[in-house]
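Report on the structure
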Amino acid sequence: MLKITMFSKADKVKGQGVGSAYIELINMLNERFKKEFLININTWNKADISHYHTVNFPFYLSTFFKKQRGVRIGYVHFLPETLKGSIELFAPFQKIFEWYVLDFYRRMDELVVVNPSFIPELVKAGCPEEKITYIPNFVSNTVFYEKTASEKEALRQKYGFSDTQFIVLGVGQIQKRKGLDDFIQLAKDNPDITFVWAGGFSFGKMTDGYEEYEKVYKHPPQNLIFPGIIEREELVDYYNLCDVFLLPSYNELFPMSILEAFNCGTPVMVRELELYQSVIKGYYIGCQDRSDMQEALRRFKNEPSLLDAFEEKSRQAARYYSKEHVAQIWYEYYTKMVETYRKSN
């Protein structure tokens, strides 16, 4: 039995994709590999593998005790540049933080990226390419799943929506990087469409654009709803009752919200980003800018049947990124890493 220590504070801040990915992985490992893996959380006991999900400073210090930590695996959910538009730090602190993050990654024996587009940047930062592995995110199909037509109708009634409302859902932290400006403007430009953004200020006043977004959050247009940070067990309802999931982000990794929408058979619309080409190409409605989004939403509002094809694309994507598929990848990766490092030491 392999001893694996998970180092993470991702579940301490609600509404983060990193936290969702961490919870999904822990639940999957405990469910499927109880006899193969012994999982510990944030302990300093000797381990065969130390898997770092977040870059907290005490975790950084633990990497210097190499014999205790076994194979040190860093989970790369973000690069410094991907945080622009998320957190606003005093300029000198920003530089120090960027150096620290990359040095944390350089201290790892192995790195796992959630998107292969990260690999060139990590290599530039001094991380050997042969030590970087791409493993996609996944979400549980028991938590996020497609409900029946009658169940969806009941959900609309439950949350105060009518059968005739065309509903656009956005999910994520309220921050500039997520494209909130465009989402808000689309709501203003389309008073006959209902827009819902599920998420909040996970980083409080450190959030980039906090004061501006707080005003809209407290006094939104009549057709724009902010239900706040929603627990996963309730979030599945929103994915099922909406017509389109829209993520207008300017900078993303491998958003858990997209996978959650896929699992619910919900059509996914995103701003066309290069990194999506590596992981979800062919499964979504791609838009270059807000004008494209406006045109697409009007088209779907007027002809809802056009969304049928994109519902099927979401179902196809859900099958590809299934828990069963990714579970086998993780099992083989962990066992291979321990075997390789035992032979070399």
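See the structure shown above.
Thresholds applied
- Residues numbered from 1 in each chain as written.
- Predicted model: local features only at pLDDT ≥ 70, side-chain atom pairs only at ≥ 80, totals over all residues.
- Heavy atoms only, no water.
- Helix = DSSP H or I, 4+ residues; strand = E, 2+ residues; numbered from the N terminus.
- Buried < 20%, exposed > 50% of the residue type's maximum accessible area, 1.4 Å probe, protein only.
- Contact = heavy atoms within 4.5 Å.
- 1 Å grid on protein atoms, 1.4 Å probe; cavity = no way out; pocket = protein on both sides within 12 Å on 5 of 7 lines; lining within 4 Å.
- Points joined across faces, edges and corners; volume = space filled by probe spheres on them.
- Nonpolar A, V, L, I, M, F, W, Y, C, P; charged D, E, K, R; others polar.
- Pairing = 2+ DSSP bridges.
- Phe/Tyr/Trp six-rings, centres within 6.5 Å; stacked < 30°, edge-to-face > 60°.
- Lys NZ or Arg CZ within 6 Å of the ring centre and 35° of its normal.
- Axes fitted to C-alpha atoms, helices over the stretch in contact; angles between N-to-C directions.

Description of the side chain of Asn 223
Relative to the elements of secondary structure, Asn 223 occurs in the loop between helix H8 (210-218) and strand S9 (224-228). Looking at Asn 223, the relative accessible area reads 12%, which means it is buried. Look past the residues within four positions of Asn 223 in its chain and what remains in contact with it is Ala 187, Asn 190, Pro 191, Ile 193, Thr 194 and Phe 195.

Here's the deal with the layout of surface pockets
The calculated volume of the second largest pocket comes to roughly 380 Å³. For the second largest pocket, the lining is made up of 22 residues, of which Lys 152, Arg 156, Leu 241, Cys 242 and Asp 243 are closest to its centre. Mapped onto the lining of the second largest pocket, the elements with two or more residues apiece are helix H6 (149-158), helix H9 (232-241) and helix H13 (308-320). Examining the composition of the lining of the second largest pocket, we find that four residues originate from one element, H6, more than from any other. Here the lining of the second largest pocket is built from residues that sort into nine nonpolar, five polar and eight charged.

Some remarks on the pairing of strand S5 (residues 110-113)
Here S5 shows no split at all, with Glu 110 and Val 112 on one side and Leu 111 and Val 113 on the other all buried. Two elements, S5 and strand S6 (residues 132-134), share three bridges in a ladder whose sense is parallel. The residue of S6 that forms the bridge with Leu 111 is Ile 132.

Here we look at the packing of aromatic side chains
Here a ring pair, both rings aromatic, is described through the centre-centre distance and the interplanar angle of the planes. Under the defined criterion, the tally for this structure stands at 28 aromatic pairs. When the centroid spacing of 5.2 Å and the interplanar angle of 55° are considered together, the rings of Tyr 60 and Tyr 100 count as tilted. Of this pair, Tyr 60 sits in helix H2 (residues 57-62) while Tyr 100 is found in helix H4 (residues 91-106), placing the two residues 40 residues apart along the sequence. The residues Tyr 60 and Tyr 100 share a single accessibility class, namely buried. Ring geometry for Phe 183 and Phe 195: centres 5.5 Å apart, planes at 90°, overall edge-to-face. Of this pair, Phe 183 sits in helix H7 (residues 180-189) while Phe 195 is found in strand S8 (residues 194-198), placing the two residues 12 residues apart along the sequence. Judged by relative accessible area, which is 0%, Phe 183 ranks as buried. Taken together, the aromatic side chains of Phe 7, Tyr 52, Phe 57, Phe 59, Tyr 60, Phe 64, Tyr 100 and Phe 104 make up a single cluster linked through ring pairs. In this arrangement the basic side chain of Arg 271 is found over the ring face of Tyr 250, its NZ or CZ atom lying 3.8 Å from the centre. Arg 299 extends its terminal NZ or CZ atom over the ring of Phe 300, reaching a point 5.2 Å from the ring centre.

Re the sheet that holds strand S7 (residues 167-171)
One open sheet accounts for six strands, arranged S9-S8-S7-S10-S11-S12; its pairing is parallel. Across the chains shown, the open sheet's two edge strands, defined by having one partner strand only, are S9 and strand S12 (285-287). The mean angle between the axes of side-by-side strands here comes to 25°, regardless of whether they run parallel or antiparallel. Pairing of strand S11 (residues 268-271) with S12, which is carried by three bridges, proceeds in the parallel orientation. Among the inter-strand pairings, Val 270 is bridged to a residue of S12, identified as Gly 286. Against the sheet, H9 engages S7, S8, S9 and strand S10 (244-247), with an angle of about 145° to S7. Seen against the sheet, helix H10 (residues 256-263) touches S7, S10 and S11 and runs at an angle of roughly 170° to S10.

Side note on the sheet that holds strand S1 (residues 2-7)
Within the open sheet, the six strands sit side by side as S2-S1-S3-S4-S5-S6. Their pairing is parallel. In this open sheet, the two strands that pair with only one neighbour each are strand S2 (37-41) and S6. Averaged over all neighbouring strand pairs, the angle between strand axes comes to 25°, with direction disregarded. When S1 meets strand S3 (residues 49-52), the two strands line up parallel, connected through four bridges. Across the sheet, residue Thr 5 finds its bridge partner in S3, namely Ser 50. Running at roughly 145° to strand S4 (residues 71-76), helix H14 (residues 323-344) makes contact with S1, S2, S3, S4, S5 and S6 of the sheet.

Some words on the environment of Leu 275
Looking at the element boundaries, Leu 275 is found in the loop between S11 and helix H11 (276-279). The class for Leu 275 is buried, based on a relative accessible area of 12%.

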